[in-house]
Amino acid sequence: MKFATKVIHAGIEPDPSTGAIMTPIFQTSTYVQAAPGDHKGYEYARTQNPTRSVLEKNLAALENGTDALCFASGLAAMDAVIKLLQSGDEILSCNDLYGGSYRQIVRVYGKFGIESRFVDMSNPKAFAKQISKKTKLIWIETPTNPMLGIVDIAAICEIAQSKGILTCVDNTFASPYLQNPLDLGADLVLHSATKYIGGHSDVVHGCVITKNADLATQLRFLQNASGAVPGPQDCFLILRGIKTLHLRVKAACENAVKIAEFLAAHPKVDKVYYPGFKDHPNHKIAKKQMRMFGAMLSFDLKGGSVADATTVLSNTHLFSLAESLGGVESLIGHPASMTHASIPRESRLAVGLTDSLIRLSVGIEDVDDLIEDLRQAIERVA
Ligand SMILES: *Cc1c(COP(=O)(O)O)cnc(C)c1O
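All values derive from a computational prediction rather than experimental measurement. The residue numbering used here restarts from 1 in each chain and proceeds along that chain's sequence as written. The predicted origin of the model limits local features to residues at a pLDDT of at least 70 and limits the giving and counting of side-chain atom pairs to 80 or more, whereas totals for whole chains, interfaces and linings rest on all residues. Side-chain measures were taken over the full set of non-hydrogen atoms in the model, leaving aside hydrogen atoms and water.

A. Structural detail: the domain arrangement of the protein. Segmentation of the protein into domains returns domain 1 (3–242) and domain 2 (245–379). Note that the domain bounds were set by an automatic or database domain assignment. Taken over C-alpha atoms, the centre of domain 1 sits 26 Å from the centre of domain 2. By the convention used here, residues are in contact when the closest approach between their heavy atoms is within 4.5 Å. If you look at the interface, domain 1 gives 43 residues, while domain 2 gives 41 residues. Across the domain 1 to domain 2 interface the summed buried area is about 3500 Å²; carbon plus sulfur atoms make up 63%. We define a salt bridge as a side-chain nitrogen of Lys or Arg found within 4 Å of a carboxyl oxygen belonging to Asp or Glu. At the junction of domain 1 and domain 2, the tally comes to 1 salt bridge. Here D152 makes a salt bridge to K288, at a shortest N to O gap of 3.5 Å. Contacts described as polar in this section are N or O atom pairs within 3.5 Å, which, within protein, must combine one atom able to donate a hydrogen with one able to accept it, while residues neighboring in sequence count only if both atoms come from side chains. The interface formed by domain 1 and domain 2 includes 18 residue pairs in polar contact (both at pLDDT 80 or more). For the purposes of this entry, the term helix denotes a DSSP run of H or I that reaches at least four residues, the term strand denotes a run of E that reaches at least two, and both are numbered from the N terminus. Taken together, the elements giving at least two residues each to the side of domain 1 that touches domain 2 come down to α1 (3–9), α4 (99–108), α6 (153–162), α7 (175–178) and α9 (232–242). The term buried area denotes the loss of accessible surface (1.4 Å probe radius) that occurs when two parts are joined, taken as the sum for both partners.

B. Structural context of the site of the ligand. What makes a residue near a molecule or strand is one non-hydrogen atom of that residue sitting within 4 Å of it. Taken together, 13 residues lie near the ligand, and G74, D170, S192, T194 and K195 sit nearest. A distance of 2.7 Å is found between an oxygen atom of the ligand and a side-chain nitrogen or oxygen belonging to T194. With residues, only the protein chains shown are counted as cover, and all accessible areas are computed by Shrake-Rupley using a 1.4 Å probe. Starting from 380 Å² of accessible surface for the ligand in isolation, the protein chains cover 93%. Counted by class, the shell around the ligand contains 3 nonpolar, 7 polar and 3 charged residues. Under the convention adopted here, Pro, Cys and the residues Ala, Val, Leu, Ile, Met, Phe, Trp and Tyr are nonpolar, Asp, Glu, Lys and Arg are charged, and Gly plus all remaining residues are polar.

C. Structural context of the sheet that holds strand β6 (residues 188–192). Strand order in the open sheet formed by 7 strands is β1-β7-β6-β5-β4-β2-β3, and the pairing between neighbours is mixed. In this open sheet, the two strands that pair with only one neighbour each are β1 (67–71) and β3 (115–119). Taking each pair of neighbouring strands and ignoring which way they run, the sheet shows an average axis angle of 20 degrees. Judged from the 5 bridges that link them, β6 and strand β7 (residues 206–210) form a sheet pairing that is antiparallel. The residue bridging H191 from the neighbouring strand is C207, located in β7. Sheet strands in contact with helix α2 (residues 50–62) are β1 and β7, and its direction is about 130 degrees off that of β1. Along the sheet, helix α3 (residues 74–82) contacts β1, β2 (90–94), β4 (135–141), β5 (166–170), β6 and β7; its crossing angle with β6, the most-contacted strand, is approximately 155 degrees. By definition, two strands form a pair when at least two bridges between them are found by DSSP. Here an angle of 0 to 180 degrees is reported between the N-to-C directions of two axes, which are lines fitted to C-alpha atoms, with helices fitted over the stretch in contact.

Structure follows, in structure tokens:
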């Protein structure tokens, strides 16, 4: 089945009791048994819910996995992945990642003896030297957030596999339409489905997908034992969002190319971070592992003044100033004070995340209107 068919059909059957074409919202906490242990595969809704099961089958298909596990948020999904480790184990993560992921690794799991280091993954050979005997999980985010760096998933996973180290790719920025890490050798792929997968900024949700039966069993145990499961209504909204995933992401990527080109040519704009540019340091890898270059980009104004950045951030009308990304509507954000405020300033500056950096999540509005919106906001800068 090709991608556009999978989003509509994979794992989805008409409801057997009514023929309803849309998966019903099974808003129930428990299921009646005919006799003790004699049930229809559903006992208690933390453990199993039919709406969630359909969504899990669909998500597994989108990432070419065998099993998907849904969680109440992207960070709840990450929490389950880290619980695969033991105290004393080390997570080796890329050094440019979602602020909340950094916070969970350092401030939640640091307390329980999970060690961590954040390193540059842009060059796999240099990265290989960073692996220690304690390294048990390699955490990859690509494109990275918010600097839009590209990590060579296949190269890093090959190194990890040769040393028996688990790999997890946070694929939120790309979405399953653009990039499928399991095909490139990753053990686990994670999404904040709050973003592109849901796509309508109306639900918080997360998932992990694998094709390794043993990891699936361990994660299934953790999903039930820790209990951060999504409600059926949220699963329904994600299923509904997925049906247009390919159309939305394609349209947003097409808009992003034009916006990146507009910004790069603007006299008041200094750097534009966008993996679709030929002079992006890992453009060739992006081209190899992604279907299109994504709809996220960041830029800095000439002079790098925070006041100038604030002028732009406060004066767009179609680009709404808000956290998050991946919805149909365009968003503008200030990573230093918003999504990445939980990362120490020195660490931010070390990867180029200046106090004046502006991040865009390009939506699917008319691109001429989006460009005009940015033009008038940038023109207000003295
Ligand atoms: C938003 C986000 C997360 C966290 O997901 P939530 O659904 O907000 O918990 C993780 N990784 C990336 C890249 C994100 O953008």
